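# Structure at a glance
This is what each chain is made of:
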Amino acid sequence: MIVDVLDDNLEPIASARRAYGASFKLGITKGADRSRAVLAMAEALRQSFDDILEANTLDLEASREMAVPDLILDWLKLTPKRLEAAVETLQRLGELSDPLRRVRSADYQLEDSQTYTQLMPLGVIAFIYEAFPELAAIAAGLCIKTGNSLILKGSTEASHSNEVIANALQNGIIDAGLPSGCIELIKAEHGASIRDLVTQDQYLNLVIPYGRSSLIQQVVRQSTAPVLKSAMGNCYLYWSLSGSLEMVRWMIVDSHCSEPDPVNAIEKVLIHRQAMPSSLITLWNSLQEKGFEIKADAELVEAFPQLQLAKDGEWGSAYLNNTVAFKLVDSLEAAIAWINHYSSGHADCIVTESYQESRQFALGVNSASSYINASPRFNRNPARGDGVFLGMSNQRGHRRGLISLESLTTVKHIVQGNGRF
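Attention in this report is confined to the structure presented alongside it. Position numbers for residues start from 1 in each chain and track the written sequence from start to end. Restriction of local features to residues with pLDDT of at least 70 applies here, the model being predicted, together with a cutoff of 80 or more for giving and counting side-chain atom pairs; totals for whole chains, interfaces and linings are based on all residues. The side-chain values count all of the structure's non-hydrogen atoms but skip hydrogen atoms and water molecules.

## Considerations on the pattern of salt bridges
The salt bridge criterion pairs a side-chain nitrogen of Lys or Arg with a carboxyl oxygen of Asp or Glu, the two atoms within 4 Å. Enumeration over the complete set of coordinates arrives at 16 salt bridges. Where D254 meets R377, a salt bridge forms, and the shortest distance between an N and an O atom there is 3.3 Å. On the criterion of sequence distance, the pair formed by D254 in helix α10 (residues 245-255) and R377 in the loop between β13 (370-372) and β14 (391-393) is long-range, its members being 123 residues apart. Among the ionic contacts, a cluster of salt bridges with common partners joins E11, R18 and E184. For helices the rule is a DSSP run of H or I covering at least 4 residues; for strands it is a run of E covering at least 2, with both sets numbered from the N terminus onward.

Here is the structure:
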C-alpha cells in the first residue's frame, strides 16, 4: 500500500460525521429492511460488472507502470468469477436471519427484576484494505446486515476499482431507502492519510485493517479507535511421527487454495527429528511438482544440499506465495514453543494419530484456531452453516478468530424492573 503523509485534509472528518449520523438511523432499522438493502447492493454490484472491470483495467495498467509487486497485482486483478463470488456472498448475507436483537438471559439476575442481553451494532466501522477491491462489498454487506455504517479506505493502486464498487454499493442502499452515509469512501484524490481516518475516534467504533503485516502494524500504531487486527499467512504445521505423509501433503496444498488471499496458508512445517528421510524427500518432490518452492533450516540444508536455506527472519514473517519452509524439532513441546513464538497466531495445525498429542497441541498452541488432521483452508462463504467471514483475527483480545457478523456487534445488558421499590 502507498502510504500518504499526514496532512490537514478534512474529508475523513466529513465522511466520519456522515457515517456517524447515518449509523443512528441504521441501528434502529428493521432486520428485514437491512436484508433488503444487502440484496439491493448485490444486484447493483452485478449490474456494474462491466464498469468495475473497466476501472480495474485502468488500475492494473497504472500499477504495472509504477512497478507494483506481483503479489499486489494478483490481489488487485478482478475477474468475473471474483465479482460473482462477492455477489453470491452478499446474496447469502441478505438471506440470513437478523443477527441483531437476539435476546439472551444474563448470567446474573438482580432482585425484583429480570436481566437479559442482546446483540447491538457497534456504530461506525472503518475498513482499510490493501488491493482486494471486492472486499469492500463483503465488508459493506457484513456492516449493513449488523446495523453498522462503514467507511472504506482502499489503497491507491485500486482507486478506480474502489470508487466504482463504492458507487454501486451506495446506489443499492439508497434504492433500499437507507441514507447514503451508511457507506462512505475516502477517495485517493482526497489525499487523506491512514492516520487522518483512524484518529477520528469520536466517530469511529472499530477499525479493521486488511492486507500485509506492514499495513496492519501501521494502523495499530496510529489508531486512537479500537482495532480488530486481521492476519494472513505464516501458519505452521507440526508433523508428528505418527502423522500420515499423505495427510501432510494434502493439508499444505489445500491450505494454499484460498484465492486470491492465502489467509490460512501453511507456510512453515515443523518435523520431528526422527522422521524418515525418504518421507521428507517424497513430500518435497510432490510439493515441487505442484509448483511450491521449498526452503529449510540449516540442519536440513546440510543433510539435503538441494534445499534453499530459510533465513532467520523468515520464520516469523509470511511469504504470501507458494513457498514452504521446513524445520526439525526434538518434540511436540518444542514445536508448540516455536509456534507460539514465531507463528502469526491465527491458524496452526498438527498431523498426528495420537489423541494425547492432539489435545496437547490444541491446548498448548496460543493461536486463534487449531486444526487437527484438517486443512485450515479459509473460505469466506462456506457451503455449510450460516457463517460469512471477512478474514481471520490473531489478536488475543476482542473477537479473536474468524471475523463474522457477530464480530461486528456488541452486547447490551438490559434490566427490566417489576415496579417494586
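## Overview of the sheet that holds strand β2 (residues 113-121)
Read across the sheet, 3 strands follow the order β1-β2-β16 without closing on themselves; strand pairing throughout is antiparallel. Pairing within the sheet leaves two strands with one partner each, and these edge strands are β1 (103-105) and β16 (409-417). Recorded for the sheet is a direction-independent mean angle of 30° between the axes of neighbouring strands. As paired elements, β1 and β2 share 3 bridges and run antiparallel to each other. Each residue of the ladder has a partner; that of R104, found in β2, is T117. One bridge is not enough; two strands pair if DSSP finds at least two bridges between them. Simply put, an axis is a line fit to the C-alpha atoms, just over the touching stretch for a helix, and the angle between two N-to-C directions goes from 0 to 180 degrees.

## Focus on a nonpolar patch on the surface
Residues form patches when they are more than 30% accessible in relative terms and have no salt bridge. Like charges link within 9 Å. Nonpolar side chains (Val, Leu, Ile, Met, Phe, Trp, Tyr) link within 5 Å. We get accessible surface area from the Shrake-Rupley algorithm with a probe of 1.4 Å; when it comes to residues, only the shown protein chains can shield them. The grouping of Y108, L110 and V415 at the surface amounts to a nonpolar patch, some 260 Å² of accessible area in total. With respect to the helices, strands and loops of the structure, Y108 is situated in the loop between β1 and β2. When its relative accessible area of 40% is taken as the criterion, Y108 is described as partly exposed. Three exposure classes are used, based on accessible area relative to the maximum for each residue type with a 1.4 Å probe and protein chains only: buried under 20%, partly exposed in between, and exposed over 50%.

## With respect to the pairing of strand β6 (residues 206-210)
Burial analysis of β6 places 5 of its 5 residues in the buried class, which makes it a mostly covered element. Residues L206, I208 and Y210 of β6 are buried on one face, and the alternating residues V207 and P209, pointing to the opposite face, are buried as well. Here 5 bridges tie strand β3 (residues 124-129) to β6, and the two strands are oriented parallel to one another. If you follow I125 over to β6, its bridge partner there is L206.

## Details of the packing of aromatic side chains
Two rings from Phe, Tyr or Trp (for Trp, the six-membered ring) form a pair when their centres are within 6.5 Å of each other. A pair whose planes differ by under 30 degrees is stacked, one over 60 is edge-to-face, and the rest are tilted. What the rule picks out here adds up to 10 aromatic pairs. Ring geometry for W75 and F132: centres 4.6 Å apart, planes at 25°, overall stacked. Of this pair, W75 sits in helix α4 (residues 70-76) while F132 sits in the loop between β3 and α6 (135-145), and the two are 57 residues apart along the sequence. Residue class for F132 comes out buried when judged on its relative accessible area of 1%. Members of the aromatic cluster, joined through ring pairs, are W75, F127, Y129, F132 and Y210. Look at NZ for Lys and CZ for Arg. If either is within 6 Å of the ring centre and within 35 degrees of the ring normal, a charge sits over the ring. Positioned above the aromatic ring of Y319, the side-chain terminus of K268 is 4.3 Å from the ring centre.

## Notes on unusual backbone geometry
Of the consecutive residues E259 and P260, the connecting peptide bond is found in the cis state with omega at 5°. Summarising the element assignment, P260 is placed in the loop between α10 and β8 (266-272). Positive phi, close to 60°, is recorded for A67, a residue that is not glycine. Looking at where A67 falls in the secondary structure, it is placed in the loop between α3 (49-65) and α4. Accessibility expressed as a relative area gives 63% for A67, which makes it exposed. Located in the positive-phi region is A131, a residue other than glycine, with phi close to 60°.

## Some thoughts on the nonpolar core
Working definition of a nonpolar core: buried Ala, Val, Leu, Ile, Met, Phe, Trp, Tyr and Cys residues. They are joined through side-chain atoms within 4.5 Å. Membership of the largest hydrophobic core comes to 63 residues, with the highest contact counts inside it found for M41, L90, F127, I144 and L152. Sort the elements by how many residues they give to this core and α6 lands first, with 9 residues. Ignoring anything within four residues of it in the chain, the contact list for L152 reads F127, Y129, A136, A166, I183, E184, L185 and I186. Whether two residues are in contact is decided by their heavy atoms: any pair within 4.5 Å suffices.

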